[in-house]
Amino acid sequence: MIKSEEIVAGLQTIVSNNVLIATIWHFAIYGLIISLLFHWNPSNKLMAILLCLPVVSVSILAMYSGNPFNGTLFAILAILIIIFGLKASSQPLTVSQVTFLVIGILMIAFGLLYPHFLESDSIVKYLYASPVGLIPCPTLSLLIGFALVFNGFGSNALTISLIVYGLFYGLFGVFRLGVTLDIGLIIGTVTLIVKFIVSIRHPA
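Description of the structure in this document. (Residues numbered from 1 in each chain as written. Predicted model: local features only at pLDDT ≥ 70, side-chain atom pairs only at ≥ 80, totals over all residues. Heavy atoms only, no water.)

**Quick look at the environment of leucine 32**
Condition: Only DSSP runs of H or I with at least four residues qualify as helices, and only runs of E with at least two residues qualify as strands; both kinds are numbered from the N terminus onward. Accessible area is worked out with a 1.4 Å probe on protein chains only. A residue is then buried under 20% of its type maximum, exposed over 50%, and partly exposed in between. When checking whether two residues touch, look at their non-hydrogen atoms; a contact exists if any pair is within 4.5 Å.
As for its position among the elements, leucine 32 is in helix α2 (residues 19-37). When its relative accessible area of 14% is taken as the criterion, leucine 32 is described as buried. Each C-alpha atom of the pair leucine 32 and methionine 47 lies 9.8 Å from the other, and the pair is 15 residues apart in sequence. The residues contacting leucine 32, other than those within four sequence positions of it, are Trp40, Met47, Leu50, Leu51 and Phe146.

Right, dumping it as structure tokens:
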């Protein structure tokens, strides 16, 4: 079994060697957010497919860096998102209730600014070079944040997939890798579980 120190070192290497890719992801995601704020309202289907892209990025970088476990799991997640995304409604996105909306926004910010593994003396660098799109936890935080904001993209199957991955990587990060920061991912995932239960009991 791979030691925790080796896993952490591998994640650190991915983050350190791919600042340019992280920067590209940040600008792409900021562009998406700005478009949404200016009333671009894509379908649930399109939004799910777009958010599959950083998952693919995590899978490729994990494989390339010698972590087939993360690479395989994120390849599977990408496939699940594509399958369930294509089955999602073609109706425009709908915004969640205020509580879930606020927590979702905080989760998106958490994913975009995730400071662990990035060595920097400048707070500004976290705005464009934190490891979203590079490693699992910040990327899952981002996806779960969008799922909270936009009612799980109208897909229970996609929501469940994100819950399973969020719980696994959040708990693994905190208790196996000692990354206390991943408590944020656990909180976001638990919130998504609550939202899922509420939506089942009280469908719109």
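Now that the structure is up, let's keep going.
**Description of the nonpolar core**
Stated formally: What makes a nonpolar core is a set of buried Ala, Val, Leu, Ile, Met, Phe, Trp, Tyr and Cys residues whose side-chain atoms join them at distances within 4.5 Å.
Judged by nonpolar contacts, the single largest core of 55 residues is most densely connected at Met47, Ile135, Leu142, Phe146, Phe150 and Phe153. Residue contributions to this core peak at 9 residues, all from helix α7 (residues 136-149). Once residues lying within four places of it in the same chain are set aside, the contact partners of phenylalanine 150 are Leu36, Asn44, Met47, Leu93, Thr94, Val95 and Ser96.

**Brief notes about helix α4 (residues 68-87)**
Residues lying three or four places apart along an α-helix face the same way, a consequence of the helix completing one turn every 3.6 residues. Applied cut-off: One less than the number of residues in a helix, times 1.5 Å, gives the span that helix is expected to have. Starting at the helix axis, one direction is taken to each C-beta atom, and the arc is that of these directions.
Taking 1.5 Å per residue, 20 residues should reach 28 Å; α4 reaches 28 Å between its end C-alpha atoms and fits that length. Looking at α4, one finds that the buried residues are Asn70, Gly71, Phe74, Leu77, Ala78, Ile81, Phe84 and Gly85. Taken end-on, α4 shows its buried residues confined to a sector of 165°, consistent with a single buried face. For α4, the exposed residues set more than 90 degrees away from the buried face come down to Leu86 and Lys87. As for α4, its buried residues are in contact with α1 (4-17), α3 (44-64), α7 and α8 (156-175).

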